[in-house]
Each structure stands twice: as structure tokens, then as C-alpha cells.
Amino acid sequence: MQILVAVNTEPYSNLAVDQVARLAANTNAKVTILGIAQGKHNRAKRQTSLPANLEIDDALQGAIGEYRDRFVGHFARSVQMPFESGPEAPGIRLCMGNASKEILSESRELESDLIVLGCDDANGCTWNNAQEVPRQIASEAYCSVYIAKKDTAVDRVVCCLGHEEISQQSLEMVSQFVTLYGARLQMVGLLERGELKSDIEKKLGWLISYYGTKKIEPWVEVVEARKFDDFVASEARYALMALWMGKEALLRRIFSKAKMSRLVKTSESSALVLR
């Protein structure tokens, strides 16, 4: 799994790095830390070291080194010593410019499976004081996205299913987040005109069997599509909402970008968008 974690100098980036380290511990994921400075576009990147010729303030350069050490520290390894087991030390990239554009561009270049970023949830989930960054990444990324908020106690991972096609990576991500939080798994099927489509019903049955092999016992709930907004608002307080938003997903039709933005902005727990 390829994970891109976007960071700046704000405290919420520590949470994003911690969460990625915990995920990487179970998946041996390849992690890249992307540091983004505000300013005019002036891209320069190296994957394993800090670029000496990039005019980026000392605070960000120092923070990047601390984030790398923080990640490695989760595995009780010195930064100078090779990893004997578990994930390799993260790659480092630095860039300057529009945060949303840089994150999306880097994720495509690296063929990321998951983008992770923290946000200041005390101010409406802002990133560098900009509300649009987390919601743009959640809405526009081609891969899965995890918006990490404060370490709220999460008792459930609520996976909302609105289409049949589900990637293997997203299936694995769900099980990893269930493990990460020590949470229960709840599968939600959406009803259209009071009916659960046969393909969705079959997929729900398959998912129960799939996660059963991983010692995870999900329970299933069905929700009317017209009541889905209210359902999300009520569940997002203590549950991690995981929304499967594939190209053909029913969720894409009933859960607009504006609604996604509201979820990212107002939910008390983190949010996971699966693709």
C-alpha cells in the first residue's frame, strides 16, 4: 500500500503521522511525507532527503525531520539504523504552492492508495487556515482519503455501501481501521424506493463472509437513501464514517460534494472516503 501523508507545521500533523505509523505497522505500507509551504509555486522534490536548494522556511524543514523521527519512533528504531522488520522509513518530499493542488498532484505521481492529512477541527477542519483543503482532497482525490481529527474515542467503523464494485485496497483499509481503533464494524446498505438492490444485498453477504475470515464480525443495517443525510449526521459523532464513493456508487448521487464538505467540517470523529 502506498500512503501519502500531507503535513505542515501545525500540531494536527502530529496526529496524522501517528495514525499513519499505526496503519503502516500492520500493512508494511510505503509511506511518503509531503511537506507543503505556502507561497508561489516553486516545486522541487527529493524522495529520501531534504532539498538544500529549496527556499522553504526553517520551521517546516525542522518539522519534517521531527515527523520522520516520530514515525520511526513508533517502531523503536533509531533514524540512523535500518528497519529490521515492519515498514521502511518514510520518503520525504517538499513543495511550495497551493496545498490542494500539490497534494492531488503528488498522490497521482506516487500512485497513492491512501492520502492522509490532519486538520484543525476546532476551527471547522481547516488546514493552513483554509477550510477548502480537507474537503477538496476528500471530494476530488482519485484514491482513498483519511481526514484525521483529534483522537476521539471511536467505537464503530460505519461503512456505507452504495455500489457493488469495491477495490481490494479499500477492503483491507476497513479492516485496518477497525483494528487501529479497536472498533466494531457496521455495514450499511442503502435502500432505493424502499428496496435493497439484489447486487448490494449479495455484496453485503459477501462482505460478512470476507470479514469473518479476518475475525471481524460486522452487523448490517439498511437505511433509506432519502434519510441518509440524517443518518450520517447522527453517526458521525462517535463513529468513523467510511463512505465507498466509487464512480458508479449510489452515494455519489445522493451525497454531493457540498454534503461531503459538511461531513468533513462538522463531524467530531475522523472521516474515511473509500475509492
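Visitor: Summarise the environment of Gly 182; cite the residues concerned and give the values.
Guide: Structurally, Gly 182 can be placed in the loop between helix H5 (168-181) and strand E7 (184-191). With 26 residues separating them in the primary sequence, Gly 182 and Arg 156 have C-alpha atoms 8.5 Å apart.

Visitor: Can you break down the nonpolar core residue by residue, with the values?
Guide: Counting 54 residues, the largest nonpolar core has Phe 71, Tyr 146, Leu 185, Tyr 211 and Trp 244 as its most contacted members. If you look at the next biggest cluster of nonpolar residues, it comprises 41 residues, including Ala 138, Phe 231, Ala 236 and Met 260.

Visitor: Outline the packing of helix H3 (residues 99-110) against helix H4 (residues 132-140), supporting the account with residue identities and numerical values.
Guide: Packed helices, taken two at a time, are described by the angle between their axes plus the distance between the axes. Interhelical geometry of H3 versus H4 gives an angle of 30 degrees and a closest axis separation of 9 Å. Put simply, H3 runs roughly parallel to H4. Both H3 and H4 take part in a crossing whose hand is right-handed. Residues Ala 99, Ser 100, Ile 103 and Leu 104 of H3 form the contact with H4, whose own contacting residues are Glu 132, Val 133, Gln 136, Ile 137 and Glu 140. A breakdown of the residues in the contact of H3 with H4 according to their chemical character gives five nonpolar, two polar and two charged.

Visitor: Help me get a handle on the state of the cysteines, residues and values and all.
Guide: Tallied over the full model, the rule gives one disulfide. With its sulfur 2.2 Å from that of its partner, Cys 119 forms a disulfide with Cys 125. Disulfide Cys 119-Cys 125: the torsion about the S-S bond is -100 degrees, which places it as left-handed. Note on Cys 119: relative accessible area 2%, which makes it buried. The exposure class of Cys 125 is buried, given its relative accessible area of 1%.

Cut-offs applied
Residues numbered from 1 in each chain as written. Predicted model: local features only at pLDDT ≥ 70, side-chain atom pairs only at ≥ 80, totals over all residues. Heavy atoms only, no water. Helix = DSSP H or I, 4+ residues; strand = E, 2+ residues; numbered from the N terminus. Core = buried A, V, L, I, M, F, W, Y, C linked by side-chain atoms within 4.5 Å. Buried < 20%, exposed > 50% of the residue type's maximum accessible area, 1.4 Å probe, protein only. Axes fitted to C-alpha atoms, helices over the stretch in contact; angles between N-to-C directions. Parallel < 35°, antiparallel > 145°, perpendicular 65-115°, else oblique. Left-handed = near helix turned anticlockwise from the far one by under 90°. Contact = heavy atoms within 4.5 Å. Nonpolar A, V, L, I, M, F, W, Y, C, P; charged D, E, K, R; others polar. Disulfide = S-S within 2.5 Å.

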